[in-house]
Amino acid sequence: MTSTTTANTAATAGPSSEVELLIGGMTCASCAARVEKKLNRMDGVSATVNFATEKAKVSFGEGVRVTDLIATVEKTGYTAEEPAPTQPQATAEGTFEHDAELGTLRQRLLVSALLALPVVLLAMIPALQFDNWQWLSLALAAPVVVWGGLPFHRAAWTNLRHGAATMDTLVSVGTLAAFGWSLWALFFGDAGRPGMHDAFRLTISRADGASALYLEVASGVVALILLGRYLEARSKRRAGAALRALMELGAKDVAVLRDGREIRVPVSSLAVGDRFVVRPGEKIATDGTVVEGVSAVDASMLTGESVPVDVGPGDRVTGATVNAGGRLVVAATRVGADTQLARMAKLVEDAQNGKAEVQRLADRVSAVFVPVVIGIALVTFGVWLGVSGDAAAAFTAAVAVLIIACPCALGLATPTALMVGTGRGAQLGILIKGPEVLESTRRVDTVVLDKTGTVTTGRMTLQAVYTAEGEDEKELLRLAGALEHASEHPVARAVAVGAEERAGTLPQVEHFENVPGRGVRGRVEGREVAVGRLYDALPEELTRAVREAEQQGRTAVVAGWDGRARGVLAVADAVKETSAEAVRDLRALGLTPVLLTGDNRTVAEAVARTVGIDPAHVYAEVLPEDKVDVVRRLRNEGRAVAMVGDGVNDAAALATADLGLAMGTGTDAAIEASDLTLVRGDLRAAADAIRLSRRTLATIKGNLVWAFGYNVAALPLAAAGLLNPMIAGAAMAFSSVFVVTNSLRLRRFR
């Protein structure tokens, strides 16, 4: 997917262009390291190559063309091309191509395994060795080594022509050497004589080189490594399943309203401003605003939130969510790559293509690993030959070194965990922007929570009603709510909505008048109603009610009629139901929660008490431009700070914090400045995001410890003659499978 390149890839790019290339022919981490090294040697080019996703992300300057980048990759011995624009159809075609490749690999594996199994059994069980059994073994092993191992030999030859060595070089040299030695022993040594018997050994012992056969090693290693490749490819496909599912979530067609008629068109032809119909059970085609109808929308596939959300005229809806209730007419506000679904997919894909700092070390090791191993194999052969004088034993030890040392697991350690972790995050409504974010989540010890829209709903609501002695609450709500319904003030709207919910339909207002700074008044059902600060004297019980409401951080509104105060309405920005649980979850992760708000201290401390934040950790009456200073002050105290916010005024603080988490219900500026985006407006997702990031980082580190530890431990064993080459091949193949399987455990994250 190109970022700023033009459609004409041959054209010279601008000063800061970026392109993503699909790289073909890579078989291990050292392949990826070679391609990356060659691209980075070009003037003005910065490239990152990911072995697991088989993609290169390349930034390049003026004077460099995309065709130059592709040519460089091809000169290195691999293929490169730009991916087609990500449309559901293109995704399906890509999936089909991948399935075809997997099918070819499976066919090669099955044939090789069926032919190699009798060879291995004959070599391991002397009782099965009839006269001339060795010639049957040759007939069965030859197709496995030549045809089954063809991908390894072809890649090794290509690398040799370019003066390089990769994992395929190790496998090809090892299996061909074993096969070649066996041919020499059969035709020119004693191994071809009738009645010859051989015995399989786990370790290496002295043997007559002229009668030593390695057909089971040659065929068995090919079959085992093909099995490892197949399981690895299938696991990598499962690792990327979450992103593919995300990209295929959207609707395929839509009923657009044209001249009052519904016309079915592909979603790709929608334009901003188009009105379209969504019937019950249908997916909403793109991001938009409801203009007609009332319904409930199921957004679980995007946010992980299982409870449908009620929507009506004026409410925003997101593409790919499901209309669970009545008929809706929606006006499109975002289409194509601008939709939330497309931006989510892009964020996840960018994160999967990135590299954690710890992976760069693994890449540097992989780049020099293969030549070093070939050197170790030659030294092993020489030492064994010099010490024992046994060419067959020396050869066996050298082949075991070649086969055990393949650094596949190193190349898969980080990208597979990233693919699964970020994909699982997307399913839960958590978007991780890149691998470097994972390191930040490990260090964080303080979390700063913006109050409005993050801890609270961001909307004023009617919280409590206090009535004077002898007054009816429902009557108070009907009359006060009717008057406030005619006002546009946020407090007035909160009273009107609350009154309608509790008292039913509101009566009409006559002679409405706004008294600046004091309140509103008018005639309702023949009574002179006033709401606000229009009463000089209040009954004692209402005075107490006003004081109590203000102590709780609420705005107290006095209502009455015919010159008498009849009640007090307490209005506040309501705390989200899940915020207290979220704060407990954040504390459980070892984080200190801090509340940050522009509201007065009384309101801030009331909210802090409600959700369980220590009043000493409340920063109140903070101007938007001063939020950055609070974050800096905390960092200067030696704290690693995470910031959770949703507004434009939070963007700078989110960017300043060690870890920025933006609520997906917030503004584009906040989301752009953050490291993690929480698609659903639920603060509990912040704790989930940090837990998932830490779990993913721990999986990456576990994979790398295994991959490094495996090679460090296995090489000396092979060189010491303690590993039969076939056992070495099995161990090497399954080390990669272990790494990928370990990463797949992240799919079970809850």
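Residues numbered from 1 in each chain as written. Predicted model: local features only at pLDDT ≥ 70, side-chain atom pairs only at ≥ 80, totals over all residues. Heavy atoms only, no water.

Q: Tell me about the sheet that holds strand S4 (residues 79–81), and please be specific about residues and values.
A: The strand order S2-S3-S1-S4 describes an open sheet built from four strands, whose pairing is antiparallel. Two strands bound the open sheet, and with one partner strand each, they are strand S2 (45–50) and S4. Strand-to-strand, the axes of this sheet are offset by a mean angle of 25°, without reference to chain direction. Here three bridges tie strand S1 (residues 17–24) to S4, and the two strands are oriented antiparallel to one another. (Pairing = 2+ DSSP bridges. Helix = DSSP H or I, 4+ residues; strand = E, 2+ residues; numbered from the N terminus. Axes fitted to C-alpha atoms, helices over the stretch in contact; angles between N-to-C directions.)

Q: Help me get a handle on the pattern of salt bridges, residues and values and all.
A: Overall, the coordinates contain 23 salt bridges when judged by the stated rule. Salt-bridge contacts for Glu282 lead to Arg264; the nearest nitrogen and oxygen are separated by 2.8 Å. Here Glu282, found in the loop between strand S7 (275–278) and strand S8 (287–292), pairs with Arg264, found in strand S6 (residues 261–266); they are 18 residues apart in sequence, far enough to count as distant. What makes Glu282 partly exposed here is its relative accessible area of 23%. A network of salt bridges, in which partner residues are shared, links Glu475, Arg478, Glu525 and Arg527. (Salt bridge = Lys/Arg side-chain N within 4 Å of Asp/Glu carboxyl O. Buried < 20%, exposed > 50% of the residue type's maximum accessible area, 1.4 Å probe, protein only.)

Q: Hey, could you go over the UniProt feature "transmembrane region" (unreviewed entry) in the protein chain for me, with residue numbers and the actual values?
A: Those residues carrying the UniProt feature "transmembrane region" (unreviewed entry) are residues 109–129, 135–157, 169–189, 209–228, 365–385, 391–414, 703–720 and 726–744 in this numbering. Structurally, residues 109–129 comprises 76% helix and 0% strand, and the distance from its first C-alpha atom to its last is 26 Å. Helix makes up 96% of residues 135–157 and strand 0%, and the two end C-alpha atoms of the span are 29 Å apart. (UniProt positions renumbered as here; feature names shortened; annotations may be inferred.)

Q: Summarise the packing of aromatic side chains; cite the residues concerned and give the values.
A: Applying the stated criterion across every chain yields a total of four aromatic pairs. Taking the centre distance of 5.4 Å and the plane angle of 75° together, the rings of Trp135 and Phe187 count as edge-to-face. Highlighted residues: Trp135 in helix H4 (residues 133–148) and Phe187 in helix H6 (residues 167–188), separated in sequence by 52 residues. For Trp135, a relative accessible area of 30% translates into the label partly exposed. Exposure remark for Phe187: the relative accessible area of 51% places this residue in the exposed category. Measuring from centroid to centroid gives 4.7 Å for Trp181 and Phe395, while their planes differ by 25°, and the two rings are stacked. Separated by 214 residues along the polypeptide, Trp181 in helix H6 and Phe395 in helix H12 (residues 391–404) bring together distant segments of the chain. The ring centre of Trp147 lies 4.8 Å from the NZ or CZ of Arg108, which sits over that ring. (Phe/Tyr/Trp six-rings, centres within 6.5 Å; stacked < 30°, edge-to-face > 60°. Lys NZ or Arg CZ within 6 Å of the ring centre and 35° of its normal.)

Q: Hey, could you go over the pairing of strand S13 (residues 328–334) for me, with residue numbers and the actual values?
A: Among the seven residues in S13, five count as buried, and that is most of the element. As defined by bridge partners, S8 adjoins S13 across five bridges and the pair is classed as antiparallel. Bridged to Glu292 within S13 is Val329.

Q: Now, about the environment of Ala223: what can you tell me, with residues and values included?
A: Counting through the fold element by element, Ala223 comes out in helix H7 (residues 215–239). The class of Ala223 is buried, set by a relative accessible area of 11%. The spatial distance from the C-alpha of Ala223 to the C-alpha of Leu115 is 9.1 Å, given a sequence separation of 108 residues. Excluding residues that lie within four positions of it along the chain, Ala223 makes contacts with Leu109, Ser112, Ala113 and Ala116. (Contact = heavy atoms within 4.5 Å.)

Q: Describe the side chain of Asn703, and please don't skip the residues or the numbers.
A: Within the secondary structure layout, Asn703 lies in helix H24 (residues 684–719). The contacts of Asn703, once residues within four sequence positions are left out, are Ala413, Thr416, Ala417, Val739, Asn742 and Ser743.

Q: If you had to explain unusual backbone geometry to someone new, which residues and values would you point to?
A: Excluding glycine, residues mostly carry a negative phi; peptide bonds, for their part, are mostly trans. Phi is positive for Asp259, which is not a glycine, with a value near 55°. Structurally, Asp259 can be placed in the loop between strand S5 (253–258) and S6. The backbone of Ala320 sits at a positive phi, close to 85°, despite the residue not being glycine. Relative accessible area serves as the criterion here: at 1%, Ala320 is assigned to the buried category.

Q: Lay out the sheet that holds strand S12 (residues 322–323) with the relevant residues and their values.
A: In space, the three strands of this open sheet follow the order S10-S9-S12, with antiparallel pairing throughout. Lying at the two open borders of the sheet, with one neighbouring strand each, are strand S10 (309–311) and S12. When strand S9 (residues 295–298) meets S10, the two strands line up antiparallel, connected through three bridges. Note that in S10 the partner of Val297 across the bridge is Val309.

Q: Can you lay out helix H19 (residues 579–588) for me, pointing to particular residues and giving the numbers?
A: Buried residues of H19: Ser579, Ala582, Val583 and Leu586, and no others. Projected down its long axis, H19 shows its buried positions confined to an angular sector of 100°, all on one face. Among the exposed residues of H19, those oriented more than 90 degrees off its buried face are Arg584 and Ala588. Following H19 by one or two positions, Gly590 adopts a phi angle in the positive range, close to 85°. (Arc of directions from axis to C-beta.)

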